[in-house]
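# Structural overview
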Amino acid sequence: ELHKKIRPNTPPFQLIFNLGLLYAEQNRFDEAKAAFEESLDYCEKLNIPQGVYFNNKGLGDLYASSKMYDEATIKYKQALEVAEELNQSFYIAELRESMYLNYKASKNFESALSELESYKAITDSLAKRDSENALSDLESKIELDRQTEINRLLEGKQIQQEEQLALRQWLIVAAIGLIFCILLFLFFSLKVSKHHKKLNAVLNKQKTELETINATKDKLFTIVSH
């Protein structure tokens, strides 16, 4: 009822198919058959192959559960044609299994064996494909982990190099500062040394002058006392 209000121009084929499944679960054969056929008619008119597949398979399962094996076979084959056109291996395998069980129940053992072999071949192929996909995914994950580890190591090495470079720059700055301090010390030491030499020269000159004065004084006292 809500579908009619929300999507008045679109047939509710999915809802009708779901009703068919529900009726089939309740063993309401006629209602289930009518629902599947109505949904199938909509899907065929709208060219919805997935809907055609599911409704034909629904009818096949319904006939098989009611022991109408020939009718079930017809519907399974119609669904199989659609599945093969869609190239859906899972759908094909599902149908092969249903057809095997249907032939087995009808005691058509030769056909049942053929369907079982087809089912086994498809499931083996699917299993192999899944295994190959899983292996490919695992290889991709391993490669991704390897690249991640390489990137982590490179980042660690880069950080280490940056730290070493920072330390080297700090040591260079410290060495420049130390050299500057040494040069400054040498400059002041040289300046102090020159100042000391100048003072010594002045002191030596004053000493010489004092010695001359003392000698003159002694000579004067000698003359005076004589």
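These figures come from a predicted structure and were not determined experimentally. (Residues numbered from 1 in each chain as written. Predicted model: local features only at pLDDT ≥ 70, side-chain atom pairs only at ≥ 80, totals over all residues. Heavy atoms only, no water.)

### Side note on the overall build of the chain
Threshold: What counts as a helix is a DSSP run of H or I of at least four residues, what counts as a strand is a run of E of at least two, and both are numbered from the N terminus. Within these notes, the globule rule equals 2.2 Å times the number of residues to the 0.38 power, and the radius of gyration is based on C-alpha atoms.
Helix and strand counts for the chain come out as seven helices and zero strands. Along the chain, from the amino end to the carboxyl end, the secondary structure elements read α-α-α-α-α-α-α. In summary, the chain has a C-alpha radius of gyration of 54 Å against a globular reference of 17 Å for 226 residues, an excess of more than 25%. Summarising its shape, the C-alpha atoms of the chain cover approximately 175 × 50 × 30 Å along the three principal directions.

### Side note on the nonpolar core
Stated formally: Side-chain atoms within 4.5 Å link the members of a nonpolar core, which is a set of buried Ala, Val, Leu, Ile, Met, Phe, Trp, Tyr and Cys residues. When a residue's accessible area, from a 1.4 Å probe over protein chains only, is under 20% of the maximum for its type it is buried; when over 50% it is exposed; and in between it is partly exposed. The contact rule is simple, with two residues in contact once any of their heavy atoms fall within 4.5 Å.
By size, the foremost hydrophobic cluster in this structure holds 29 residues, and its most contacted members are Phe-36, Tyr-53, Ala-83 and Leu-95. Here this core gets seven residues from one element, more than from any other, and that element is helix α6 (residues 89-105). Beyond its immediate stretch of four places on either side in the chain, Leu-95 contacts Tyr-53, Lys-57, Tyr-76, Ala-79, Leu-80 and Ala-83.

### Considering the packing of helix α4 (residues 49-65) against α6
Test applied: The convention used is that axes are lines fitted to C-alpha atoms, helices contributing only their stretch in contact, and that angles between N-to-C directions extend from 0 to 180 degrees. Note on terminology: angles under 35 degrees are roughly parallel, angles over 145 are roughly antiparallel, angles of 65 to 115 are roughly perpendicular, and the others are oblique. By convention, the crossing between two helices is left-handed when the near helix turns anticlockwise from the far helix through less than a right angle, and right-handed when the turn is clockwise. Note that Gly is not counted as nonpolar here; it falls among the polar residues with everything else outside the nonpolar set of Ala, Val, Leu, Ile, Met, Phe, Trp, Tyr, Cys and Pro and the charged set of Asp, Glu, Lys and Arg.
Taken N-terminus to C-terminus, the directions of α4 and α6 make an angle of 15°; their axes are 11 Å apart at the nearest point. In this view, α4 runs roughly parallel relative to α6, as classed from their interaxial angle. Read as a crossing pair, α4 and α6 show a hand that is left-handed. Judged by residue contacts, Tyr-53, Phe-54, Lys-57, Asp-61 and Ala-64 of α4 engage Tyr-91, Glu-94, Leu-95, Ser-98 and Asn-102 from α6. Here the residues of the contact of α4 with α6 sort into five nonpolar, two polar and three charged.

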